[in-house]
Amino acid sequence: MSGTRVLRRSLIAIAGAGLAGLTFLIPGVACAENDSRTTIVETRGKDRTTTVITHDDWDDWDDYNRTILQMQRESISSQEEQAREAGRLRRRDEIEQSQEKSSAEHEAYFDAILEDSQAALKAPQGVYYRKPGYSAAEDPGSGARTVEVGGFTYRYDQGVFWLHQGSSFTVVTAPVGATVDKLPQGVTRIVSGTGPVWYFFGTFFGEKGSAYEVIKPAAGLTVFYLPDGYSQEKVKGVARYRFGDIFFKPIFIQGILAYQVVEP
Amino acid sequence: MEGRWYPEEEKPMSRRGMTHALVAFGLALAFATGLPVARAEEKPSIEPEAALLLKTTLERIGGAKSFTFRAEVADDTTLPSGQKIQFAGTLEVAVRRPNGFWNKFEGEQRTARSWYDGKTFTLLNDGKNVYACWPAPERIDDLLGVMREKLGFTPPLARLLRDNLAATALAKVTSGFIVGRGVIGGTPCRHLAFRGEKTDWQVWVSEGGEPVIKRIVITYKLEPAAPQYAATFSSWDFEPRLSDAAFVFTPPQGAVQCEFEEISR
């Protein structure tokens, strides 16, 4: 064969192969010879074909299993093999049905472990925090901002509000309505029906334009830790916790102790 | 005869040869673009020896009238930053089928105990001295199913509490094999590995005498950073002396009672 002829055949092969490759990328093209999900390609070996099924969603295990079965189905012309496979599918369906309940629980258990460990993250460790009542002789620092609310001037730094009292600065509970430009490190985001809320050691922040505002949390909001300085009390025999003007009741959520905001 | 002189790759291309080239190129392209052809080559397979060893081990646990064990637990959590943190803890479990169990978990994040006496399931957070009680079904197996459905959780390693754990352990397992031999806590073990849809898990089973699980590692392969849950077992006792009182909760002094949040579906 001449070199030109070999080259021409090679180019044809490459072009054809490219089109075949594209059929894997474009299901619509792949479907031309079969249904909307199947491409039949010929593999090596005399009179042997392999059916490769392409799927959009390979996370679907049932489809995956069926694909595996299809892959094993070589020499598909055999009626006997088809009958055997139908039997296998029937038996597999029966087994899957009988195992469905326990399998779901099996997976749910493993999921629960993960949920448990994630939800168990409590008060963030290693972040800056001072509880109400803490006093210092000096101003909180150069990073602190001045915030005025209700006629009082506070110093705000990393989620903590300070009041200048006499010659010292004292940490106080966050004043509702205070607007700050930055959330502190270690803040926890809470999903609520009224939009995102952030929680940091007993203080709740809501969005206010591009800034954040200290808010009074709605009843039902749940957090997974209370800050140091909370108190416990009983109302009509029911225990609840208080931090500033916010009241919480304990509740187990998926086995994790949480604290749900309640009305005073 | 002319054909003999052609190197294999220079033979005139037949229709079949052309098809082979198309297929090869298509497969190569599919591999390169990450399409799931590679997965299609996988076949669910579990080595019979691995399945038998696991079944035998779990049948012993599932068939035991009562048993206790202790496990050192390590549980990964991935922080939003991507940093993986491992929390350690110790789990103690006592089971008396069909209607009693008790467990205690002492960990970095919490210390908790739970009781079940065939009538009531109680969970106590020891650190905060807060507990909740819940009316429970009469059998452990029923309790675990209802707990998961209603309360959204089950006790740690609850699967080992079930009667039928041997029958259901390989549900949705896609492959399993014996990795080899290892030593856990001084005990020679067979190391088994299994793959599932969402998790991969490994089990170390003691060799010699009645088999017991010495270690379990579960990998949540679909989760970011693939966190793991590991439990290393010790002190298995299949003939423990357990009194009725062991499964009945008595509130500690000053304990606060609260409720479980039930899942609404």
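Criteria and thresholds
Residues numbered from 1 in each chain as written. Chains lettered and ligands numbered in written order. Predicted model: local features only at pLDDT ≥ 70, side-chain atom pairs only at ≥ 80, totals over all residues. Heavy atoms only, no water. Helix = DSSP H or I, 4+ residues; strand = E, 2+ residues; numbered from the N terminus. Buried < 20%, exposed > 50% of the residue type's maximum accessible area, 1.4 Å probe, protein only. Areas by Shrake-Rupley, 256 points an atom, 1.4 Å probe, with all protein chains shown as cover. Contact = heavy atoms within 4.5 Å. pLDDT = per-residue confidence, 0-100. Phe/Tyr/Trp six-rings, centres within 6.5 Å; stacked < 30°, edge-to-face > 60°. Lys NZ or Arg CZ within 6 Å of the ring centre and 35° of its normal. Pairing = 2+ DSSP bridges. Core = buried A, V, L, I, M, F, W, Y, C linked by side-chain atoms within 4.5 Å. Disulfide = S-S within 2.5 Å.

Kindly report on the overall build of chain A, identifying the contributing residues and their values.
Scanning chain A from N- to C-terminus turns up 4 helices and 17 strands. Split into buried and exposed, the 264 residues of chain A put 42% on the buried side. Counting every atom, chain A has about 14600 Å² of accessible surface; 51% of that belongs to carbon and sulfur.

Outline the overall build of chain B, listing residues and values.
Each helix and strand counted, chain B has 5 helices and 13 strands in total. By the burial criterion, 46% of the 265 residues in chain B qualify as buried. For chain B, long-range pairs separated by at least 24 residues make up 48% of all intrachain contacts whose partners lie at least 6 apart in sequence. With an accessible surface of roughly 13300 Å², chain B has 51% of that area assigned to carbon and sulfur atoms.

Let's hear about the confidence of the model for chain A: which residues, and what values?
Residue and element names in this part refer to chain A. Per-residue confidence for chain A gives a mean pLDDT of 68; residues scoring 70 or more make up 55%. Contacts of residues 1-78 to residues separated by more than four positions or lying in other chains number 114 contacts, the stretch itself having pLDDT below 50. Predicted confidence for residues 108-121 stays below pLDDT 50, and this span has 37 contacts to residues more than four positions away or in other chains.

Residues and numbers for the packing of aromatic side chains, please.
Per the counting criterion, the structure on display carries 30 aromatic pairs over all chains. Through pairs of rings, three or more aromatic residues link up here, namely Tyr129(A), Tyr199(A), Phe200(A), Phe201(A), Phe204(A), Tyr225(A) and Phe248(A). The cationic tip of Arg215(B) hangs over the ring face of Trp204(B); the distance from NZ or CZ to the ring centre is 5.4 Å.

Provide a residue-level description of the confidence of the model for chain B, including the pertinent values.
Residues and elements named next belong to chain B. Summary statistics for chain B give a mean pLDDT of 84 and a share of 83% for residues scoring 70 or more. Strand E6 (residues 120-125) holds the highest mean pLDDT among the elements of chain B, 97, whereas helix H1 (residues 15-32) holds the lowest, 42. Here residues 1-41 scores under 50 on pLDDT; set against residues more than four positions off or in separate chains, the count is 54 contacts. For this predicted complex, the interface score ipTM comes out at 0.77, alongside a pTM of 0.66.

Tell me about the sheet that holds strand E8 (residues 179-180) of chain A, residues and numbers included.
Pairing between the strands of a sheet comes from backbone hydrogen bonds, and it takes one of two forms, parallel or antiparallel. Read from one edge of the open sheet, 5 strands run E8-E12-E11-E10-E9 (chain A), paired in antiparallel fashion. Each of the sheet's edge strands pairs with one partner strand only, and the pair in question is E8 and strand E9 (188-192) of chain A.

Could you give an account of the pairing of strand E8 (residues 175-184) of chain B, with specific residues and numbers?
All names here are of chain B. By the bridge criterion, 2 bridges tie strand E1 (residues 45-46) to E8 in an arrangement that is parallel. If you follow serine 45 over to E8, its bridge partner there is serine 175. Sheet topology note: the E8/strand E9 (residues 187-195) ladder contains 9 bridges and is antiparallel. When the bridges of E9 are listed, valine 183 appears paired with proline 188. Hairpin connection between E8 and E9: a loop of 2 residues separates the two successive antiparallel strands, and glycine 185 in this loop has a positive phi of roughly 55°.

So what's going on with helix H4 (residues 140-150) of chain B? Which residues, and what values?
Considered for burial, the residues of H4(B) that qualify are Ile140(B), Asp141(B), Leu143(B), Leu144(B), Gly145(B), Met147(B) and Arg148(B). Looking one or two places after H4(B), you find Gly152(B), whose phi comes out positive at around 80°.

Before we move on, could you go through the sheet that holds strand E7 (residues 168-172) of chain A and cite the residues and values that matter?
Residues and elements named next belong to chain A. In space, the 5 strands of this open sheet follow the order E3-E7-E6-E5-E4, with antiparallel pairing throughout. Only two strands of the sheet have a single neighbouring strand rather than two, namely strand E3 (135-136) and strand E4 (145-149). In terms of strand pairing, E4 meets strand E5 (residues 152-157) through 5 bridges, oriented antiparallel. Across the sheet, residue glutamate 148 finds its bridge partner in E5, namely threonine 153.

Now, about the pairing of strand E15 (residues 238-243) of chain A: what can you tell me, with residues and values included?
Residue and element names in this part refer to chain A. Of the pairings in the sheet, the one linking strand E14 (residues 231-235) to E15 comprises 5 bridges and is antiparallel in character. The residue bridging lysine 234 from the neighbouring strand is alanine 239, located in E15. Counting the residues that bridge the hairpin from E14 to E15 gives 2 residues, and of these lysine 236 lies at a positive phi of roughly 55°. Judged from the 3 bridges that link them, E15 and strand E16 (residues 246-253) form a sheet pairing that is antiparallel. Residue pairing in the sheet places arginine 242 in a bridge with phenylalanine 247 of E16. Between the antiparallel neighbours E15 and E16 lie 2 residues, among them glycine 244 with a positive phi of about 65°.

Outline the nonpolar core, listing residues and values.
Judged by nonpolar contacts, the single largest core of 95 residues is most densely connected at Phe204(A), Phe248(A), Phe69(B), Phe121(B), Phe233(B) and Trp236(B). When residues in this core are grouped by element, the largest group, 5 residues, is from helix H3 (residues 48-63) of chain B. For Phe69(B), the contacting residues outside a window of four places in its chain are Leu91(B), Glu92(B), Val93(B), Leu157(B), Leu160(B), Phe233(B), Ser234(B), Ser235(B) and Trp236(B). With 7 residues, the next largest nonpolar core counts Ala94(B), Trp115(B), Leu124(B) and Phe247(B) among its residues.

Give a description of the environment of Ala230(B) that names residues and reports values.
All names here are of chain B. Structurally, alanine 230 can be placed in strand E12 (residues 228-237). Among the residues examined, alanine 230 registers a relative accessible area of 10% and is labelled buried. Residues alanine 230 and tryptophan 201 lie 29 residues apart in sequence; the distance between their C-alpha atoms is 9.5 Å. Contact partners of alanine 230, with chain neighbours within four places excluded, come to Glu72, Val73, Ala74, Arg215, Ile216 and Val217.

Now, about the state of the cysteines: what can you tell me, with residues and values included?
Put plainly, two cysteines are in a disulfide when a covalent bond ties their sulfur atoms together. Residues and elements named next belong to chain B. Applying the stated rule across the entire model yields 0 disulfides over all chains. The thiol of cysteine 258 is unpaired, and the distance to the nearest cysteine sulfur, on cysteine 133, comes to 9.3 Å. By relative accessible area, cysteine 258 is classed as buried at 8%.

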